[in-house]
Amino acid sequence: VVHDKGTLDAILLAGSERIGQYAAATAALSKPNGLLVITSCNLTAKELVAAMEEGCKWKHVGGLEYPTFAFGGSSGSRVATEAFRRV
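Residues numbered from 1 in each chain as written. Predicted model: local features only at pLDDT ≥ 70, side-chain atom pairs only at ≥ 80, totals over all residues. Heavy atoms only, no water.

1. Let's talk about helix 3 (residues 45-53)
Okay, step 1: When helix 3 is considered as a whole, its buried residues turn out to be L48, V49, A51 and M52. Viewed end-on, helix 3 has its buried residues packed into an arc of 165°, placing them on one side of the element.
Okay, step 2: Contacts made by the buried residues of helix 3 are with helix 1 (7-12), helix 2 (19-29), strand 2 (35-40), strand 3 (58-63) and strand 6 (80-86). (Buried < 20%, exposed > 50% of the residue type's maximum accessible area, 1.4 Å probe, protein only. Helix = DSSP H or I, 4+ residues; strand = E, 2+ residues; numbered from the N terminus. Arc of directions from axis to C-beta. Contact = heavy atoms within 4.5 Å.)

Here it is in structure tokens:
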């Protein structure tokens, strides 16, 4: 199991084009069928899943539910935690 709580957020400060490098680096840390759990405060759950599944190194397997809030007609959470299995 690889757990990231903030590393991806820091990497994204340098630009979203680095997400492929992040996916490859985390895949190298994991055994086949290993798990990656990412907690992000900068990406929504939907954005996180789309970004990580783009390079086909990780498959989304689930996530945690957090309390939501509504503002300006939209609702969401301040944090997203999603789990991925290495393919």
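The structure having been displayed, the exposition proceeds.
2. Structural notes on the nonpolar core
Okay, step 1: Grouped together as the largest cluster of nonpolar side chains are 15 residues, with contacts concentrated most on L8, L36, I38, L48, M52, W58 and F84.
Okay, step 2: Among the secondary structure elements, those contributing two or more residues to this core are helix 2, strand 2 and helix 3.
Okay, step 3: Those residues in contact with M52, other than ones at most four positions away along the chain, are Y22, A23, T26, L36, I38, W58 and F84. (Core = buried A, V, L, I, M, F, W, Y, C linked by side-chain atoms within 4.5 Å.)

3. Considering helix 2
Okay, step 1: Within helix 2, the full set of buried residues consists of I19, Y22, A23, T26 and A27. Down the axis of helix 2, the smallest arc covering the buried residues is 130°, so these residues share one side. Turned more than 90 degrees away from the buried face of helix 2 sit Q21 and A28, all of them exposed.
Okay, step 2: If you follow the buried residues of helix 2, they end up packed against strand 1 (2-5), helix 1, strand 2, helix 3, strand 3 and strand 6.

Take it as geometry only, folks, not as evidence of what the structure does.
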